[in-house]
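Analysis of the macromolecular model
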Amino acid sequence: MAGEVSFFELGVGDGERARKFFGGLFGWAFEPGPSDGGGFAIRTPNVPGGLHGDDPGARPYLFFAVDDMEAALERVRALGGSVDEADPGSGVESIARFGRFRLCHDDQGTPFGLHRPPQHD
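A brief look at the structure comes next. (Residues numbered from 1 in each chain as written. Predicted model: local features only at pLDDT ≥ 70, side-chain atom pairs only at ≥ 80, totals over all residues. Heavy atoms only, no water.)

Remarks on a nonpolar patch on the surface
Selection criterion: Patches here are clusters of residues that have more than 30% relative accessible area and form no salt bridge, with a 9 Å joining cutoff for like charges and a 5 Å cutoff for nonpolar side chains (Val, Leu, Ile, Met, Phe, Trp, Tyr). Using a 1.4 Å probe, the Shrake-Rupley method yields the accessible areas, and only the shown protein chains count as cover for residues. Put simply, a salt bridge is a Lys or Arg side-chain nitrogen that is within 4 Å of an Asp or Glu carboxyl oxygen. Secondary structure elements follow DSSP: runs of H or I of four or more residues count as helices, runs of E of two or more count as strands, with numbering from the N terminus.
On the surface, F21, L25 and F26 cluster together into a nonpolar patch covering about 340 Å² of accessible area. Along the chain, F21 falls in helix 1 (residues 15-26).

Spelled out as structure tokens, the structure:
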């Protein structure tokens, strides 16, 4: 499973406006998400996503699946990358519904995310 694209997140200025735009463009279904500021969970035919407002300068965030978040974070650092201090979606409800997320940068500063999908034992 490691390395597959597993989640995307769109940061926008106005979440409701973006919901209407992307829903109209792609036919995506949206449901309220756990984030503040009118966030949404996005259901697409293949890769799930999220949308959050109050982030007008953001670019899309691409998350890659990992089996062990702590081991992956250690590996990022060992390879010269960095891990952002913020731990997005760290609430119990969010983790159960969407899994764990961490924002990182490679050794050249390129942003990407790691995603440990939720456990469904």
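Re the nonpolar core
To keep it simple, the criterion reads: To form a nonpolar core, buried Ala, Val, Leu, Ile, Met, Phe, Trp, Tyr and Cys residues must be joined to one another through side-chain atoms within 4.5 Å. Here the term buried applies to any residue with accessible area under 20% of the maximum for its type, exposed to any over 50%, and partly exposed to those in between, with areas from a 1.4 Å probe on protein chains only. Whether two residues are in contact is decided by their heavy atoms, any of which lying within 4.5 Å being enough.
Residues F8, L10, V12, A18, F22, W28, F30, F40, I42 and L51 constitute the largest nonpolar core, which totals ten residues. If you list the elements that add at least two residues to this core, you get strand 1 (5-11), helix 1 and strand 3 (40-43). Apart from the residues within four sequence positions on either side, V12 is in contact with A18, L51, H52, G53, D54, D55 and P56. By size, the runner-up hydrophobic cluster in this structure holds nine residues, among which are V66, M69, V76 and L114.

Description of the sheet that holds strand 4 (residues 49-52)
To keep things clear, this is the line we draw: The pairing criterion is simple: DSSP has to find at least two bridges between the two strands.
In space, the eight strands of this open sheet follow the order 2-3-4-1-5-8-7-6, with mixed pairing throughout. Only two strands of the sheet have a single partner each, and these edge strands are strand 2 (29-32) and strand 6 (82-83). The pairing of strand 6 with strand 7 (residues 100-105) spans two bridges and is classified as antiparallel. The residue of strand 7 that forms the bridge with V83 is C104.

Brief notes about the packing of aromatic side chains
This is how the line gets drawn: The pairing test for Phe, Tyr and Trp rings, Trp by its six-membered ring, is centres within 6.5 Å, and the orientation test on the planes gives stacked under 30 degrees, edge-to-face over 60, and tilted for anything in between.
Considering all chains together, one arrives at ten aromatic pairs under this definition. Considering the side-chain rings of F8 and W28, the 5.4 Å spacing of their centres and the 45 degrees angle between planes classify their relative orientation as tilted. One end of the pair, F8, is in strand 1; the other, W28, is in the loop between helix 1 and strand 2, with 20 residues separating them in the sequence. The exposure class assigned to W28 is buried, which follows from its relative accessible area of 19%. Every member of this aromatic cluster is reached through a ring pair, and the members are F8, F21, F22, F26 and W28.

Looking at the pattern of salt bridges
Tallied over the entire structure, the rule returns three salt bridges. Between E16 and R19 there is a salt bridge whose closest N-O contact spans 2.5 Å. Taken together, the residues span about one helical turn, with E16 and R19 both in helix 1 at a distance of three residues. On the basis of relative accessible area, E16 is assigned to the partly exposed category, the value being 35%. The salt bridge partner of E31 is R97, with a shortest N-O separation of 2.5 Å.

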